[in-house]
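# Residue-level structure breakdown
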Amino acid sequence: MSSIDRPGPASLASRLRRRYWSVYAGTYDAIWDSPLTEQIGLEVLGALDPQGPVLEVGCGTGLVTRQLVEGGRVVISLDADPVMIRHMARHGVRGVTQADAAQLPLADASFPNVVLANVLHVVEDPSAVLLEAMRVASPLGRVVVTWPVDRLHPQALSRTERRLGRSRAGAARANLLRIITGVPGAALRVRRWRTSDLAQHLDDARLSSAWEPLDARVVHGTVHLNTYAIRERSASEAVG
Ligand SMILES: C[S@@+](CC[C@H](N)C(=O)[O-])C[C@H]1O[C@@H](n2cnc3c(N)ncnc32)[C@H](O)[C@@H]1O
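Nothing here was measured: the structure is a model prediction, and the numbers come from that model.

About the criteria used
Residues numbered from 1 in each chain as written. Predicted model: local features only at pLDDT ≥ 70, side-chain atom pairs only at ≥ 80, totals over all residues. Heavy atoms only, no water. Axes fitted to C-alpha atoms, helices over the stretch in contact; angles between N-to-C directions. Helix = DSSP H or I, 4+ residues; strand = E, 2+ residues; numbered from the N terminus. Parallel < 35°, antiparallel > 145°, perpendicular 65-115°, else oblique. Left-handed = near helix turned anticlockwise from the far one by under 90°. Contact = heavy atoms within 4.5 Å. Nonpolar A, V, L, I, M, F, W, Y, C, P; charged D, E, K, R; others polar. Salt bridge = Lys/Arg side-chain N within 4 Å of Asp/Glu carboxyl O. Buried < 20%, exposed > 50% of the residue type's maximum accessible area, 1.4 Å probe, protein only.

Contact geometry for helix α6 (residues 154-163) and helix α7 (residues 168-187): axes closest at 9 Å, N-to-C directions at 150°. The orientation of α6 relative to α7 falls into the category roughly antiparallel. The crossing of α6 and α7 is right-handed. In contact with Pro-154, Gln-155, Leu-157, Ser-158, Glu-161 and Arg-162 of α6, α7 contributes Arg-168, Ala-171, Ala-174, Asn-175 and Arg-178. Per-class residue counts for the contact of α6 with α7 are four nonpolar, three polar and four charged.

Printed below as a string of structure tokens:
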């Protein structure tokens, strides 16, 4: 993202950008309920601390939530968009809270796992969202972040989806819907942060507190995804 304006939270442009997610909710599952998203869910599952509940921030229609629940995890989800939340019911997930990722209505140190799946690259202020995730993560907790790689080409995406088992018609329909849904997104200038920006935010957030990368890798070719997991250091580790 080259030019970044930062309107105040109450500006009209900012409010309209947020409504974009209500529009996207209508086509989200037709685009992303796919073997590719299942891979993302598995990637997140594998990065979690094996113990304790998971706070999922920016859950959308619940595609990753479903994977986490199927993987045996207790998940508490929230999202800023009310229409996305309504769609969660389709996946049998209830009790989702509407909240802004940059101002979580949660106490400090309340979750051993915090997940930001495909969210950080679209929020207005990734740094604020990351710091909130770290604030609510409990001591020695984990924050797991995923986002798509830059310049995710539709044809490459389709090829991957087909390889993972999506039907040709399903992959083609998803691509068409991506283009259609992308038009209002571009018109509203919905943010799409680049990997280098987000990696920098992660480094800054990590360095400003006692966190270390548990795992930092970029997965190409299979799921077109960046996954970072960070873990809070113990007091003795932080001193050492
Ligand atoms: C690309 S979708 C990802 C949804 C889901 N995590 C998934 O992987 O299928 C991004 C989601 O982030 C939500 N979102 C965007 N900005 C947000 C914010 N500031 N606070 C909470 N959720 C936000 C949107 O409403 C949308 O549901």
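And the narrative resumes.
Attention now moves to the pattern of salt bridges. Per the stated rule, a full pass over the model turns up nine salt bridges. Where Glu-124 meets Arg-191, a salt bridge forms, and the shortest distance between an N and an O atom there is 4.0 Å. Remark: Arg-191 occurs in the loop between α7 and α8 (195-207) and Glu-124 occurs in the loop between β4 (111-117) and α5 (126-136); sequence separation between them is 67 residues. Using a relative accessible area of 4% as the deciding quantity, one classes Arg-191 as buried. Here the residues in one salt-bridge network are Arg-17, Glu-124 and Arg-191, joined through shared partners.

Nothing here speaks to function; it is all geometry.
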